[in-house]
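Structural overview for review
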Amino acid sequence: MELYLDTSDIAEVARLARIFPLQGVTTNPSIIAKGGQPVWDVLPQLRDALGGSGILFAQVMGRNAEQMVTEAKQLTERVSGLVVKIPVTPEGLAAIKQLKALGIPMLGTAVYSAAQGLLAALAGADYVAPYVNRIDAQGGDGIKTVQELQSLLEMHAPHAKVLAASFKTPRQALDCLLVGCEAITLPLDVAQQFLASPAVDAAVVKFEQDWQGAFGSLCL
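All of these numbers come straight from a predicted model, not from anything done at the bench.

1. Focus on the overall build of the chain
What the chain contains, in helices and strands, is 11 helices and 8 strands. Expressed as lengths along the three principal axes of its C-alpha atoms, the size of the chain is roughly 70 × 35 × 30 Å. Carbon and sulfur atoms make up 56% of the accessible area of the chain, which amounts to about 11,100 Å² in all. Here the chain contributes 16 positive and 21 negative side-chain charges, whose respective centroids are spaced 2 Å apart.

2. Some points on the pairing of strand E5 (residues 106-111)
Working note: regular strand, side chains alternate between the two faces of the sheet. Taken across its 6 residues, E5 has 5 buried, putting it largely inside the fold. In this structure, strand E4 (residues 82-87) lies alongside E5, joined through 4 bridges in parallel fashion. Looking across to E5, one finds that Val-84 is bridged to Met-106. For the crossover that starts at E4, traverses helix H5 (residues 90-101) and ends in the parallel E5, the hand is right-handed. Summarising the sheet, E5 and strand E6 (residues 127-130) pair through 3 bridges and their orientation is parallel. Paired with Val-111 across the strands is Pro-130, a residue of E6. With respect to chirality, the unit in which E5 leads through helix H6 (residues 114-123) into the neighbouring parallel E6 is right-handed.

3. As for the packing of aromatic side chains
With the rule as written, the count across this model stands at 4 aromatic pairs. Aromatic side chains Tyr-112 and Tyr-131 sit 5.5 Å apart centroid to centroid with 70° between the ring planes, which places their arrangement in the edge-to-face category. Remark: Tyr-131 occurs in the loop between E6 and helix H7 (132-137) and Tyr-112 occurs in the loop between E5 and H6; sequence separation between them is 19 residues. What links up through ring pairs into an aromatic cluster is the set Tyr-4, Phe-57 and Tyr-127.

4. Brief notes about the packing of helix H4 (residues 65-78) against H5
Between H4 and H5, the shortest axis-to-axis distance is 8 Å and the interhelical angle comes to 45°. Viewed along their axes, H4 and H5 adopt a mutual orientation that is oblique. Helix-helix and strand crossings are classified by hand; for H4 and H5 the assignment is right-handed. Across the interface between the two elements, Ala-65, Met-68, Val-69 and Ala-72 of H4 pack against Glu-91, Gly-92, Ala-94, Ala-95, Gln-98 and Leu-99 of H5. A per-class count over the contact of H4 with H5 returns 7 nonpolar, 2 polar and 1 charged.

5. As for the sheet that holds strand E8 (residues 183-186)
As summarised here, the arrangement of the 8 strands in space is E1-E2-E3-E4-E5-E6-E7-E8, forming a closed barrel in which the pairing is parallel. Taking the axes of each pair of neighbouring strands and ignoring which way they run, one obtains an average angle of 30° across the sheet.

6. Here's the deal with the nonpolar core
Counting 57 residues, the largest nonpolar core has Ile-86 and Phe-167 as the members making the most contacts within it. Once residues within four sequence positions are removed from consideration, Phe-167 is found in contact with Val-132, Asn-133, Gln-172, Ala-173, Cys-176, Ile-184, Thr-185, Leu-186, Pro-187 and Val-190. Core analysis: the second largest hydrophobic core is formed by 8 residues, Phe-57, Val-83, Tyr-127 and Ala-183 among them.

7. Concerning the pattern of salt bridges
Taken as a whole and assessed by the stated rule, the structure comprises 4 salt bridges. For Arg-15, the salt bridge identified is with Glu-12, shortest N-O distance 2.9 Å. One end of the pair is Arg-15 and the other is Glu-12, both in helix H1 (residues 10-17) and 3 residues apart, which spans about a single turn. In this structure, the salt-bridge partner of Asp-210 is Lys-206, at a minimum N-O distance of 2.7 Å. Of this pair, Asp-210 and Lys-206 both sit in helix H11 (residues 198-215), separated by 4 residues, roughly a single helical turn. Since its relative accessible area comes to 42%, Asp-210 is described here as partly exposed. Residue classification places Lys-206 among the partly exposed residues on the basis of a relative accessible area of 43%.

8. Re the layout of surface pockets
Taken as a whole, the largest pocket encloses approximately 650 Å³ of empty space. Taken together, 26 residues make up the lining of the largest pocket; nearest its centre are Asp-6, Thr-7, Asn-28, Ile-31 and Pro-187. Within the residue set of the lining of the largest pocket, elements represented by two or more residues are helix H2 (29-35), E5, H7 and helix H10 (188-193). Of all the elements, H2 adds the most residues to the lining of the largest pocket, at 4 residues. Partitioning the lining of the largest pocket into residue classes produces 9 nonpolar, 10 polar and 7 charged.

Cut-off values and rules
Residues numbered from 1 in each chain as written. Predicted model: local features only at pLDDT ≥ 70, side-chain atom pairs only at ≥ 80, totals over all residues. Heavy atoms only, no water. Helix = DSSP H or I, 4+ residues; strand = E, 2+ residues; numbered from the N terminus. Areas by Shrake-Rupley, 256 points an atom, 1.4 Å probe, with all protein chains shown as cover. Lys, Arg positive; Asp, Glu negative; His and termini not counted. Charge placed at Lys NZ, Arg CZ, Asp CG, Glu CD. Buried < 20%, exposed > 50% of the residue type's maximum accessible area, 1.4 Å probe, protein only. Pairing = 2+ DSSP bridges. Right-handed = clockwise from strand over helix to strand, strands pointing away. Phe/Tyr/Trp six-rings, centres within 6.5 Å; stacked < 30°, edge-to-face > 60°. Axes fitted to C-alpha atoms, helices over the stretch in contact; angles between N-to-C directions. Parallel < 35°, antiparallel > 145°, perpendicular 65-115°, else oblique. Left-handed = near helix turned anticlockwise from the far one by under 90°. Contact = heavy atoms within 4.5 Å. Nonpolar A, V, L, I, M, F, W, Y, C, P; charged D, E, K, R; others polar. Core = buried A, V, L, I, M, F, W, Y, C linked by side-chain atoms within 4.5 Å. Salt bridge = Lys/Arg side-chain N within 4 Å of Asp/Glu carboxyl O. 1 Å grid on protein atoms, 1.4 Å probe; cavity = no way out; pocket = protein on both sides within 12 Å on 5 of 7 lines; lining within 4 Å. Points joined across faces, edges and corners; volume = space filled by probe spheres on them.

So, in structure tokens, the structure goes:
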């Protein structure tokens, strides 16, 4: 399983990278725009925040295949260990086919159906990102879409992985993993909810109180 953070917040990536077993960070144009820094400044800082290693994901902005290919080349030439995100549109599929021939690693993004994700994988994408919560918001079933896509990739494109995205709760992410998803990317609030529990905090306090009551200190 691969675990990513979906953010461009340098400080939070540095803080959580110390705690979580992260493989890297995913970004998109909206995330980069929210941070207010150019992508060329953000990506090296994210790499540093991860401790100098880890996989980074960044998205092209071109609307046609030629522009997408040009931008993908620029991204991978300037940032090592980068996976290029390509929207799975007709032009995006054309770009994925060309970039596959160039050996550039890719993620097919903005996936709203299992069929769309399968096409991206068959065209050459290494990862496919279904938008779980957004599918639910449109009246679909995000978890079922992930399950169907996972099964399709196992049968027809075993080189590719589902990297599920767009979560509002930890439960959504766990359900994706339970249906076989091999990678997830979490927004900061959902990542922090994985460990946030008043019951856990209360248990630790009780352990400390009992120990200190018996031995007079909190040292072993």
